[in-house]
Amino acid sequence: MNDIDIIKSYYSGDELKIALEKYESGIPAAYIIGEWEFFGDRYYVNEDCLIPRCDTERVVEKVLSCINGSKTIADICTGSGCIAISVLKRKTEAVGLAIDISSNAIEAAKKNAEINNVSDRLEFICADIFSDPLGDKKFDIIISNPPYIRTDVLDSLDEYVKKEPVIALDGGDDGMMFYNYIVTNCKKNLKQNGIFIFEIGYDQEDSIKLLAKQNGFDCEITKDYSGNPRVALLK
Ligand code: GLN
């Protein structure tokens, strides 16, 4: 379904008219209806969360393929919580920690954990990842879909994407700011044989491979549904 059909499936009459006007004015459908589908589940979203993307489902698939038994996961820059929650929902022995700098995003993620029945296995921290909120905690898998758009590209993004929180998109001058920090500073937070799984931008394969190499990791790339590099696994 396209965005307009999705809006039509939620509203009728005057409400539909108002919703379509909002959409025409550039407000993303997910923010109008207040929820979005991801990996077959419903997620509550607000304007402080990046809208869950289907390309990000490839990240979840990769994580699921790497988990057996009671693994611990951390999801850095969790936003709506969609990655951590969809993983825990399908891996009932796993437990997780989800981190985001935005308290509104954390509120949405907590609500989503409740809706999806994983609240008892998912902890939340509202903190800036650059302040080392993981401390000395250790995880089997550290996952992140961090902001990764280059700052100079932000202006040229689609009008709808520009309605999403810029702090969820802006990856700094080269788009690599979050990966650089996470790989160098959070490798101490990986258990022995622990791995990182990242969503990356379509043009970041070489940069992430270099960063992995510099930090002693092998890097495997998986493509998204459009054939672009999208998931990086560092081990
Ligand atoms: N994939 C998103 C986009 O194309 C960006 C997500 C991110 O920066 N993590 O808009």
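Structure's up top.
No experiment lies behind these values; they were computed from the predicted model shown.

### Some remarks on the pairing of strand β5 (residues 122-126)
Here is step 1: Sheet analysis places strand β4 (residues 95-100) next to β5, joined by five bridges and oriented parallel. Looking across to β5, one finds that L97 is bridged to E123.
Here is step 2: In this fold, the crossover linking β4 to β5 by way of helix α6 (residues 103-115) has right-handed handedness.

### Focus: the side chain of D41
Here is step 1: If you trace the backbone, D41 turns up in strand β2 (residues 41-44).
Here is step 2: Judged by its relative accessible area of 9%, D41 is buried.
Here is step 3: In this view, D41 contacts W36, K89, R90 and N116; residues no more than four positions away in its chain are not counted.

### A look at the site of the ligand
Here is step 1: Around the ligand, the surrounding shell consists of L50, R53, N145, P146, P147, Y148, I149, V161, A168, L169 and E199.
Here is step 2: The contact in question runs from an oxygen atom of the ligand to an N or O atom on the side chain of R53, over 2.9 Å.
Here is step 3: Between Y148 and the ligand, the recorded distance is 2.8 Å, taken from a side-chain N or O atom to a nitrogen atom.
Here is step 4: Comparing atom positions with the cavity grids shows the ligand to sit within the largest pocket.

### Considering the layout of surface pockets
Here is step 1: Computed from the structure, the largest pocket encloses a volume of approximately 550 Å³.
Here is step 2: Taken together, 25 residues make up the lining of the largest pocket; nearest its centre are Y148, I149, G201, Y202 and R230.
Here is step 3: In terms of residue class, the lining of the largest pocket is made up of twelve nonpolar, five polar and eight charged.
Here is step 4: Taken as a whole, the second largest pocket holds about 400 Å³ of empty space.
Here is step 5: Every element with two or more residues in the lining of the second largest pocket is listed here: α5 (82-90) and β4.

### Here's the deal with the pairing of β2
Here is step 1: Of the two faces of β2, the one holding D41 and Y43 is buried and the one holding R42 and Y44 is not buried anywhere.
Here is step 2: With four bridges joining them, strand β1 (residues 35-38) and β2 adopt antiparallel strand pairing. By the bridge assignment, W36 is partnered in β2 with Y43.

Parameters at a glance
- Residues numbered from 1 in each chain as written.
- Predicted model: local features only at pLDDT ≥ 70, side-chain atom pairs only at ≥ 80, totals over all residues.
- Heavy atoms only, no water.
- Pairing = 2+ DSSP bridges.
- Helix = DSSP H or I, 4+ residues; strand = E, 2+ residues; numbered from the N terminus.
- Right-handed = clockwise from strand over helix to strand, strands pointing away.
- Buried < 20%, exposed > 50% of the residue type's maximum accessible area, 1.4 Å probe, protein only.
- Contact = heavy atoms within 4.5 Å.
- Near = heavy atom within 4 Å.
- Polar contact = N/O pair within 3.5 Å; in protein donor to acceptor, adjacent residues only side chain to side chain.
- 1 Å grid on protein atoms, 1.4 Å probe; cavity = no way out; pocket = protein on both sides within 12 Å on 5 of 7 lines; lining within 4 Å.
- Sits in = over half its atoms within 2 Å of the grid points.
- Points joined across faces, edges and corners; volume = space filled by probe spheres on them.
- Nonpolar A, V, L, I, M, F, W, Y, C, P; charged D, E, K, R; others polar.

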